[in-house]
Amino acid sequence: MLAIAMLVYGMFAAKQIPVDVFPDFAPVQVIVQTEAPGFAPEEVESLVTLPLETALNGTPNVKVVRSISTVGLSVVTLIFNDGNNVFTARQLVAERLQSARNKLPDGIEQPVLMPISTAVGDILKVGMVSSTGATSLMDLRTIANWTVRMRLMSVAGVSNVVVYGGEQKQYQVLVNPTALKDYGLTLQQVIDAARQSNSNAAGGFLRTADEEYLIRGIGRAASVDDISRTAISERNGLAVTIGNVAKVQIGPAFQIGDAIVNGKRGIILNVAKQPWANTLETSYAVERALKELQTSFPKDVQLVYTFRQGDFIEVAIRNMIEALALGAILVVVILFLFLQNWRTVLISLTAIPLSLL
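Notes on the structure in this doc start here. (Residues numbered from 1 in each chain as written. Predicted model: local features only at pLDDT ≥ 70, side-chain atom pairs only at ≥ 80, totals over all residues. Heavy atoms only, no water.)

A word on the overall build of the protein
Where we set the bar: Here a helix means four or more residues in a row that DSSP labels H or I, a strand means two or more in a row labelled E, and each is numbered from the N terminus. Exposure classes here rest on a 1.4 Å probe applied to the protein chains alone. A residue is buried below 20% of its type maximum, exposed above 50%, and partly exposed in between. Residue contacts are defined here by distance: any two heavy atoms, one from each residue, within 4.5 Å place the two residues in contact. Exposure was quantified through the Shrake-Rupley algorithm and a 1.4 Å probe, taking into account, for residues, occlusion by the shown protein chains and nothing else. Residues scored as charged are limited to Lys and Arg (positive) and Asp and Glu (negative), so that His and the chain ends carry no count. By convention, charge coordinates are those of NZ in Lys, CZ in Arg, CG in Asp, or CD in Glu.
Along the protein, the regular secondary structure elements total eleven helices and 16 strands. Overall size of the protein, expressed as C-alpha extent along the three principal axes, is 110 × 60 × 55 Å. The buried share of the protein, taken over its 357 residues, is 32%. At a minimum sequence separation of 6, the contacts of the protein that also span at least 24 residues come to 70%. Counting every atom, the protein has about 22200 Å² of accessible surface; 59% of that belongs to carbon and sulfur. Taking the 29 positively charged and 30 negatively charged side chains of the protein as two groups, their mean positions are separated by 4 Å.

Laid out in C-alpha cells, this is it:
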C-alpha cells in the first residue's frame, strides 16, 4: 500500500516538475537602461552613465557594477551577492534612482528598470512577414507593437517582448527653412505649436435644471490634416498654420537594424520568460495567444517560428522516454534469461521505476 501511494504521488510530481534547457545560473542582477537620443558615446558616458553609476554605487549587497555606453543609450548592470531577493534588489535600485534623475541633463529619457529575465530566458522568436507584400512593413510594425506585443505581455510567465525590424510609424513635420524665414517664425515655435495643440482639455460641467453636460475641448490630432491646420501665429489678421511652413506626412522613423524572415524583410518578436516560469507552459500559452490573434491579421500576414526553446526540451524528454522504454525491455529480457523466475523479474521491474519516481 505504501508503494502504491508513492507510485501515485511520484507520477503526479513528475508531471508538475519544472523542466528547462539549462538551470538558471545567472546571479541576481538589475539592469538600468537610459535613452539619450542624439548623444554620442562619449557624451552618454560622461553625462548619463557616470552620474547613474555614482548614485547606484554603494547600494546594499551589490557585488559588481558594470556599464555600457553606446550611441544614444546607457546600460548599467548591478550584480548582487548570492542569496538576495530580486524584488528587494529592484526596490533598492529604484530608491537610488530617485536622487540620480535630477542630475541628468535635458533631453535624456527617464532611467527605467529592465524586466526580470534570465540568461536563457528567450523562449520564442516569432517572425511576421507578408507573403504577397500587400501589407507594408509599417503596417506590420504597427500590428506587432500595438496588437501582438500587448497581447503577449498579458500572458502569464512572459517577462518581455522585444520587436525588431519593420518601419515604425511616425507623423512627421518636415519644416521648410525658407518658409520659416518668410513668416518670421522659429523652429521652436513650430515645435511648441505641434506639441500644445495635440491634446484635449477639460472644461468642467454645465448644469441645467434637469441635466448635466460634460464640457471638453477636443484638440487631439487624428490625421495629417489636423496637424497641418494647427495655428502657430497670426499675420495681418490671418493665422499662420503648420501647413504653411512645413510638409506634414506619415513616414517611417529613423531605422537602426532590420529583420529578415525567410529571405524577406519582416518583423521578429523576441519573447522572454520570467525566471520562475515553466518554459513549456509559457510557450504553449504564447502559441495559443498567437493562434487567436492570427484570425484578425490581414490574410497575407504569416507567422513563422524561427526559434523555439521548447523544441529542445520536448526532444530531450522524448529521447529519455525512448531510452527508458528500451532499457526496461532489456532488463526484462536479461533478468528472465538469467533468473528464469517471473516473481523475481516482477520485483525488479517494480523496484526500479518506483525508485525513480
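Some points on the environment of Val-30
Take Val-30: it is sitting in strand 1 (residues 29-35). Residue Val-30 is classed as buried on the basis of its relative accessible area of 1%. For Val-30 and Val-65, which are 35 residues apart along the polypeptide, the C-alpha to C-alpha distance reads 9.8 Å. If we ignore the near neighbours within four places in the chain, the residues touching Val-30 are Val-76, Thr-77, Leu-78, Phe-80, Ala-89, Arg-90, Val-93 and Leu-113.

Things to note about the sheet that holds strand 6 (residues 158-165)
For the record, the criterion: Paired strands, as defined in this entry, are two strands with at least two bridges between them according to DSSP. Here the axes come from fitting lines to C-alpha atoms, over the contacting stretch only for helices, and the angles between their N-to-C directions go from 0 to 180 degrees.
The antiparallel open sheet is built from four strands, whose spatial order is 6-15-5-16. Strands at the two margins of the open sheet, each flanked by one partner only, are strand 6 and strand 16 (301-308). Across this sheet, the average inter-strand angle for adjacent strands is 20°, counted without regard to direction. In terms of strand pairing, strand 5 (residues 122-130) meets strand 16 through seven bridges, oriented antiparallel. Counted as the bridge partner of Leu-124 is Arg-308 from strand 16. The sheet strands contacting helix 4 (residues 137-153) are strand 5, strand 6, strand 15 (267-273) and strand 16, and the helix crosses strand 6 at an angle near 170°. Taken strand by strand, helix 10 (residues 309-339) contacts strand 5 and strand 16, and its axis lies near 55° from that of strand 16.

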